[in-house]
Amino acid sequence: MLRLVDKWIWDSWYVFDGTRHHAFYLSASRALGDPNRRHRHPIIGHAVSDDLTNWTVVQDALIVSDSPAFDSWTTWTGSVVKGDDGRWWMYYTGTSREDGGDVQTVGAAVSDDLITWQKLSTEPLVSADPRWYEKLDKTLWHDEAWRDPWVFKRDGIWHMLVTARSNVGDPRTRGVMGHATSTDMRNWEVQPPLSQPGHDFGQQEVFQFEIVDSVPILLFCCGVNELSEERKAQMNGQDASYSLVVNEDLTDIDFSRARPFLKDPVYAARLVQAKDGGWNLIGFRNIENGEFVGELSDPIPVTADPALGLIPR
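Just so you know, these numbers come straight off a predicted model, no measurement behind them. (Residues numbered from 1 in each chain as written. Predicted model: local features only at pLDDT ≥ 70, side-chain atom pairs only at ≥ 80, totals over all residues. Heavy atoms only, no water.)

Our focus in this paragraph is the sheet that holds strand β7 (residues 105-111). The four strands are arranged β5-β6-β7-β8 in an open sheet whose pairing can be described as antiparallel. Either end of the sheet is taken by a strand with one partner, and the two such strands are β5 (74-82) and β8 (118-119). Note that strand β6 (residues 88-95) and β7 share seven bridges and pair antiparallel. The residue bridging Tyr92 from the neighbouring strand is Gly107, located in β7. (Pairing = 2+ DSSP bridges. Helix = DSSP H or I, 4+ residues; strand = E, 2+ residues; numbered from the N terminus.)

On to the pairing of strand β18 (residues 279-288), then. Across the 10 residues that make up β18, a large majority, seven, are buried. With five bridges joining them, strand β17 (residues 267-273) and β18 adopt antiparallel strand pairing. Directly across from Gln273, in β18, lies its bridge partner Trp279. Taking the residues between adjacent antiparallel strands as the criterion, β17 and β18 are bridged by five residues, where Gly277 takes a positive phi near 95°. Bridge analysis of β18 against strand β19 (residues 291-296) gives four bridges, and the strand direction is antiparallel. Its bridge partner being in β19, Arg285 is matched across the sheet by Glu295. (Buried < 20%, exposed > 50% of the residue type's maximum accessible area, 1.4 Å probe, protein only.)

Shown next, in the form of structure tokens:
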């Protein structure tokens, strides 16, 4: 568990350097008073652990840039991978004061040691392409969704999975999995979404794709108020992290088959593999007894079932 006396913690992402686990997470001062204010005052924090349970906080990883920049207002959720150049790359979401903070784009920073990070540019590397993705229109949705990049390499190509919305269909269920590809990690080409709208979700947040005990798993989360009325009726008011068994090449994704993980429910859950090879979920404790908790959970042991998706281990 990671709880800070002076800060709330929410979305997190993890990487193993061969010796230690590194957690990167969004945090904001509890002095803000109202936890809803945290979204516009985040810092990307950093902690290290040998066992995924006991964490030591180290120096913060990233803060906002001075204006003008794509991340002059917020630095939000991302992922970390080791690049072809041997450096660590952190892809993360930014919003800008110049456009009122309503347009989300993706940028990157690099590091030799996972401690000190250098941003690549004040301009975003990837943004929503209007050929396939919804642009800002507050009559349809409250922001331009293009965030939470999850980056991995397959068959010599880097892939980025992104929280996004289709530009067609019922505005209540336009959530899709955005997709971009790159050969050099810096120059990205936006691709059509890897899913279709209309499958229960207004948006799917914090994607992750992993092979869990030989089963390809897509992990994401969604707030209960951003579900279709049919799905919402099944959730008893519960925000949840969801898993979906998928094809390894991410074709024919059907989000209507996604299942919530409701044993030890945490939000923005991540799959993290321990040193012994076992898989765990770690996420943040969200609303409990009507109050926002804002701390990271202990690891929740999981495995995957080819029909059911993630199940307790």
